[in-house]
Amino acid sequence: MSTDTGALGALLLADARLPTGGHAHSATLEAALEAGLPEERIPDYIRARLATVGRTEAAAAVVALRVAADPDPGSGPDYGPVQEALAARTPSRALREASASLGRGLARLARRVDAGHAAVRALPSAQAATPGLRAMRPVVLGALGAVFGMTAEQTARAALYEDAQTVTAAALKLRPGDPLTAVRRLLDLAPEIEASVRAAAATDVPHDIPAHSAPLIDRWAEAHARETRRLFVA
């Protein structure tokens with residue numbers, strides 16, 4: 001992979017058509033609406049995610065990127081500590097499994113892009129640290145960021161934008177309306193996205209990944225996992 005693909009990689013990861021399984025997820029919006037969240041509060045829901053789970057995941061992706069960029073000379077990248085830190089900061093089992101499902105899709109993309117890259121070959125170290133849980137999405141995103149040569153800011157922005165656009169795209173299926181409303185929502189959220197980008201990009205080690213919680217989102221995700229009639233996986 002050439003050294004000038006960072007910006008292109010960021011655009012690729014921001015493409016909603018990327019075949020990694022994101023279309024099957026709503027970032028728990030479906031459960032939130034079923035629990036009574038008013039449609040007009042969807043922008044507030046996205047803001048809450050950006051300031052909590054979104055910021056935590058973006059920081060984890062940045063740390064995974066740093067691990068891939070500065071590996072142990074003897075053994076290569078080890079994502080285990082990042083995976084453990086992220087899993088510990090994701091108390092909902094349903095959300096951990098949803099993240100691992102999305103990570104699986106990204107890992108497939110990573111192997112297709114450059115299976116021989118050290119950052120990609122090291123992905124099994126994440127699952128080894130948390131038996132029964134595949135590499136979570138932010139960890140794989142950081143590895144892909146290393147493959148593409150993305151900066152910390154580009155990696156964090158890809159993580160946060162993808163989270164926000166997952167909600168807006170799901171909203172169009174759950175509460176059909178004008179697609180331009182989704183575009184407007186994302187544009188209006190730019191200041192919050194960039195604030196979280198700056199915070200996440202400054203994270204250096206697993207211990208510094210913030211443990212921002214969103215108890216209602218955890219609760220809704222667990223309830224959604226038990227539903228037998230649902231449009232989205234999570």
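Residues numbered from 1 in each chain as written. Predicted model: local features only at pLDDT ≥ 70, side-chain atom pairs only at ≥ 80, totals over all residues. Heavy atoms only, no water.

A. Region of the structure containing the packing of helix 3 (residues 42–51) against helix 12 (residues 190–201). For the pair helix 3 and helix 12, the least separation of the axes is 9 Å and the interaxial angle reads 10°. The angle between helix 3 and helix 12 falls in the class roughly parallel. Contacts between helix 3 and helix 12 involve Arg 47, Leu 50 and Ala 51 on the former and, on the latter, Glu 192, Ile 193 and Ser 196. For the contact of helix 3 with helix 12, the residue count by class is three nonpolar, one polar and two charged. (Axes fitted to C-alpha atoms, helices over the stretch in contact; angles between N-to-C directions. Helix = DSSP H or I, 4+ residues; strand = E, 2+ residues; numbered from the N terminus. Parallel < 35°, antiparallel > 145°, perpendicular 65-115°, else oblique. Contact = heavy atoms within 4.5 Å. Nonpolar A, V, L, I, M, F, W, Y, C, P; charged D, E, K, R; others polar.)

B. Spatial organisation of the packing of aromatic side chains. Going through the model one piece at a time under the given rule, you end up with one aromatic pair. An angle of 35° between the planes, with centres 6.4 Å apart, marks the rings of Tyr 45 and Trp 220 as tilted. Here the residue Tyr 45 occupies a position in helix 3, and Trp 220 occupies one in helix 13 (residues 215–225), the gap between them amounting to 175 residues. (Phe/Tyr/Trp six-rings, centres within 6.5 Å; stacked < 30°, edge-to-face > 60°.)

C. Layout of the packing of helix 4 (residues 53–69) against helix 9 (residues 137–148). Running from N to C, helix 4 and helix 9 point in directions that differ by 45°, and their axes come no closer than 7 Å. Between helix 4 and helix 9, the angle is such that the two are oblique. Taken as a pair, helix 4 and helix 9 cross one another with a handedness that is right-handed. Contact with helix 4, carried on its side by Glu 57, Ala 60, Ala 61, Ala 64, Leu 65 and Ala 68, involves Arg 137, Pro 138, Val 139, Leu 141, Gly 142, Gly 145 and Ala 146 of helix 9 and no other residues of that element. Partitioning the contact of helix 4 with helix 9 into residue classes produces nine nonpolar, two polar and two charged. (Left-handed = near helix turned anticlockwise from the far one by under 90°.)

Structural measurements only, silent on function.
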